[in-house]
Amino acid sequence: MDTIIIRGGKPLHGTVKISGAKNAALPILAATLLVAGTHIVRNVPDLRDTRTMLQLLETLGATHRREGTTVYVDTCELSGAEAPYELVKTMRASVLVLGPLLTRAGYARVSLPGGCAIGARPINYHLKGFEQLGVRTILAQGYVEARCKDVLTGSTVYFDTPTVTGTENLLMASVMATGTTIIKNAAREPEVGNLVDMLMTMGADIEGKDTDRLTVHGVRSLQPATIDIIPDRIETGTYLIAVAATGGRVRVEQCNPTHLPALTEKLRSAGIAVEEEEGAFTVSCSEQVERNQCRLRSVDVKTLVYPGFPTDLQAQFMALVIQAEGTSIIHETIFENRFMHVAELQRLGADITIDGASAVVRGISLEKICGAPVMATDLRASASLVIAGLVASGITEISRIYHLERGYENMIEKLQALGADIHRSSSTIV
Ligand code: EPU
């Protein structure tokens, strides 16, 4: 099995370009099912997850071709309405075909995703929302079967907790429903806004973009869209944290600094200089930190829905503060099991104690962080281990790197270009 080998201790310097957002590309690719025709989706990252979504679209009868970062999806002929277990088990976001298939075909059969490394992650809010639009759902043999009684009917849907893919699924189910649908307590993540943009380009009538109340006036027809995927804010944040952890100075280009308000604030509190301009960040350690005259400062973090601190950057931020002066409390509020990286960071020497939904990180000096073999458990945990490996002295070998390939485009090559000593290996170190 392939591993990533990192010889840590080198500061990062140079420029890195951010790819399109995985979590915007997935719902937007699913939305191409809404109406027959050729959709043009630009800035699509080439990742394991986007390939899985394209494979799922093919099992439903769509075809596609990729030219660079542009993907042309032809949804003229659909031949099925089922997302099989084999695909859903590799990518939970497969449930995003439920909403568009209900609109297009009035029926969908999608395997229930089951649990995942970071939590139970049920889809009960998606199903309750569909039912309020007049959909009947049945669970049988591990599949959800959803069928419109007659037509989808506009309604008011309230989410107990803002759900990102739930909001996206309901948007796609309501764009052609009769009457008006109001989604209350909707997710405000920029990826939802990107989907709203695509749906409006297709002819949908939606008010309240980027707010927690979305009003969808059903329209009679839609047309194929051309849409740009927004830059990946989680990839952006991961590079900002990596530079903060290793030292050096990097310009992060093709990103949207306005999408990371909480992270930039926390990095500044830790003693990192973060300069923002349109489409780019420049990140560097303060001069004192760089000259080893002082250490990074500890910072407390609580994950929240957007615009709060993203749960998808919690593991990476923890890899930063293991070397800070003092104690940082990292509180996870979105997923119940998102501390799988803690045991692996401890193998590198980190001093972390888990107390319920909080991790207490007592900073240690850089010399005490030493490379070791570690195992990736999920996508963002893998990124956290890469950052810790870049910091640690000696060699860190990360196994189960397929998690990383689900969501980071060319991460090894991008880090190499910034001067990191990192490579992929097909054999283990002796
Ligand atoms: N929830 C329910 N029932 C539901 C839906 C959600 O209880 O029907 C709970 C979840 O268990 C969780 C909370 O509500 O505790 C919020 O989950 P949400 O539905 O927002 O998560 P998601 O839509 O499944 C997306 C991203 C995740 C990201 C979360 C939170 C995609 C494809 N996935 O998941 O991304 O962590 O929002 O921001 O957009 C990742 O990229 O590594 C990743 C896990």
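For clarity, every value in this text was computed on a predicted model and none was experimentally measured.

Peer 1: Tell me about the overall build of the protein, and please be specific about residues and values.
Peer 2: Secondary structure summary: the protein contains 15 helices and 24 strands in total. Here the protein has a C-alpha radius of gyration of 22 Å; the compact-globule value for 430 residues is 22 Å, and the two agree. Viewed in the frame of its principal axes, the protein has a C-alpha envelope of about 70 × 40 × 40 Å. Counting every position in the protein, which comprises 430 residues, the buried fraction comes to 57%. Across the protein, contacts joining residues at least 24 apart in sequence account for 73% of those joining residues at least 6 apart. Summed over all atoms, the accessible surface of the protein reaches about 16700 Å², with 48% contributed by carbon and sulfur. Once the 41 positive and 47 negative side-chain charges of the protein are each reduced to a mean point, those two points are 2 Å apart.

Peer 1: Lay out the site of the ligand with the relevant residues and their values.
Peer 2: Taken together, 22 residues lie around the ligand, and Tyr125, Thr163, Thr165, Asp312 and Ile334 are the ones closest in. A distance of 3.0 Å separates an oxygen atom of the ligand from a polar atom in the side chain of asparagine 23. Threonine 163 is positioned such that a nitrogen or oxygen atom in its side chain is 2.6 Å from an oxygen atom of the ligand. Against a free-state accessible area of 830 Å², the protein chains account for coverage of 87% of the ligand. For the shell around the ligand, the secondary-structure elements that each account for two or more residues are helix 1 (22–31), helix 5 (124–132), helix 6 (164–174) and helix 13 (379–391). Per element, the largest residue contribution to the shell around the ligand is three residues, and it comes from helix 5. For the shell around the ligand, the per-class residue count stands at 10 nonpolar, seven polar and five charged. Here the shell around the ligand spans two domains, and each of domain 1 (3–19 + 231–425) and domain 2 (22–228) adds at least three residues to it.

Peer 1: Summarise the packing of aromatic side chains; cite the residues concerned and give the values.
Peer 2: For the structure on display, the rule yields one aromatic pair. In this arrangement the basic side chain of arginine 65 is found over the ring face of tyrosine 72, its NZ or CZ atom lying 4.2 Å from the centre. The ring of tyrosine 143 has arginine 109 sitting right over it, with the charged end atom 4.0 Å from the ring centre.

Peer 1: Break down helix 9 (residues 261–270) for me, citing the residues and quoting the values.
Peer 2: The periodicity of an α-helix, 3.6 residues per turn, causes residues three or four positions apart to be oriented the same way. Taken together, the buried positions of helix 9 are Ala262, Leu263, Thr264, Leu267 and Ala270. Where helix 9 is buried, its residues meet helix 8 (233–246), strand 16 (272–277), strand 17 (280–285) and helix 11 (314–321). Where helix 9 ends, the next residue or the one after it, glycine 271, has phi of about 105°, a positive value.

Peer 1: Tell me about the sheet that holds strand 12 (residues 205–207), and please be specific about residues and values.
Peer 2: The mixed open sheet is built from four strands, whose spatial order is 10-11-13-12. In this open sheet, the two strands that pair with only one neighbour each are strand 10 (156–158) and strand 12. On average, each strand axis in the sheet is inclined to that of its neighbour by 15°, with strand direction left out of account. Examined bridge by bridge, strand 10 and strand 11 (residues 180–184) share three bridges and lie parallel to one another. Looking across to strand 11, one finds that threonine 156 is bridged to isoleucine 182.

Peer 1: Can you lay out the sheet that holds strand 23 (residues 395–399) for me, pointing to particular residues and giving the numbers?
Peer 2: Ordered by their spatial adjacency, four strands build an open sheet running 22-23-1-24, and the pairing between neighbours is mixed. Because the sheet does not close on itself, it has two edges, and the strands there are strand 22 (373–375) and strand 24 (421–425). Neighbouring strand axes in the sheet, compared pairwise and without regard to direction, differ in orientation by 20° on average. Pairing of strand 22 with strand 23, which is carried by three bridges, proceeds in the parallel orientation. Considered in strand 23, the bridge of proline 373 is made with glutamate 397.

Peer 1: Can you explain the side chain of arginine 338? Please cite residues and give values.
Peer 2: Checked against the element boundaries, arginine 338 lands in the loop between strand 19 (327–331) and helix 12 (340–347). We classify arginine 338 as buried; its relative accessible area is 8%. A polar side-chain atom of arginine 338 sits 2.7 Å from a polar atom in the side chain of aspartate 312. Apart from residues lying up to four places away in sequence, arginine 338 is in contact with Ile118, Thr311, Asp312, Gln314, Glu332, Asp378 and Arg380.

Peer 1: Can you break down helix 2 (residues 48–59) residue by residue, with the values?
Peer 2: Its 12 residues place the ends of helix 2 16 Å apart at the C-alpha level, agreeing with the 16 Å of an ideal helix rising 1.5 Å per residue. All buried positions along helix 2 are accounted for by Asp49, Thr50, Thr52, Met53, Leu54, Leu56 and Leu57. In the stretch just after helix 2, glycine 61 is the one whose phi turns positive, near 110°.

Peer 1: Give a description of the pattern of salt bridges that names residues and reports values.
Peer 2: This model, assessed by the stated rule, comprises 21 salt bridges. Among the ionic pairs, aspartate 49 bridges to lysine 22, the shortest N-O distance being 3.7 Å. Remark: lysine 22 occurs in helix 1 and aspartate 49 occurs in helix 2; sequence separation between them is 27 residues. Judged by relative accessible area, which is 1%, aspartate 49 ranks as buried. When the shortest N-O distance is used, the salt bridge between arginine 65 and glutamate 67 registers 2.2 Å. Taken together, the salt bridges that share partners define one network made up of Asp2, Arg48, Glu405 and Arg424.

Rules used throughout
Counting restarts for each chain: residues are numbered from 1 in the order of the written sequence. Reporting of local features is limited, given that this is a predicted model, to residues whose pLDDT is at least 70; pairs of side-chain atoms are given and counted only at 80 or more, and all residues count toward the totals for whole chains, interfaces and linings. As a rule here, side-chain values cover all heavy atoms of the structure and leave hydrogens and water aside. Numbering goes from the N terminus for both helices and strands, where a helix is a DSSP run of H or I of at least four residues and a strand is a run of E of at least two. Our radius of gyration looks at C-alpha atoms and nothing else; its globule reference is 2.2 Å times the residue count to the power 0.38. For every residue, the accessible area obtained with a 1.4 Å probe (protein chains only) is divided by the maximum for its type, and the residue is called buried under 20%, exposed over 50%, and partly exposed between those limits. Whether two residues are in contact is decided by their heavy atoms, any of which lying within 4.5 Å being enough. To be clear on the numbers: accessible area is Shrake-Rupley with a 1.4 Å probe, and residue cover counts the displayed protein chains and nothing else. His is not counted, nor are the chain ends, whereas Lys and Arg count as positive and Asp and Glu as negative. Where a charge lies is defined by one atom per residue type, namely NZ (Lys), CZ (Arg), CG (Asp) and CD (Glu). Residues are classed as near a molecule or strand on a simple rule: at least one heavy atom within 4 Å of it. Under this definition, polar contacts are N or O atom pairs within 3.5 Å; protein pairs additionally need one hydrogen-donor-capable and one acceptor-capable atom, and for neighbouring residues in sequence, both atoms have to be side-chain atoms. In this count, Pro and Cys sit with the nonpolar residues alongside Ala, Val, Leu, Ile, Met, Phe, Trp and Tyr, while Asp, Glu, Lys and Arg are called charged and the others, Gly among them, polar. Domain boundaries shown here were taken from an automatic or database domain assignment. The criterion for an aromatic pair is that two Phe, Tyr or Trp rings (for Trp, the six-membered ring) have centres within 6.5 Å, with stacked assigned to planes under 30 degrees apart, edge-to-face to planes over 60 apart and tilted to the rest. Any Lys NZ or Arg CZ found within 6 Å of a ring centre and within 35 degrees of that ring's normal is scored as a charge over the ring. Think of it this way: DSSP has to see at least two bridges between two strands before they count as a pair. Orientation is described by lines fitted to C-alpha atoms, with helices fitted over the stretch in contact, and by angles between N-to-C directions that extend from 0 to 180 degrees. For a helix, the expected span equals 1.5 Å multiplied by the number of residues minus one. Think of a salt bridge as a Lys or Arg side-chain nitrogen and an Asp or Glu carboxyl oxygen that are within 4 Å of each other.

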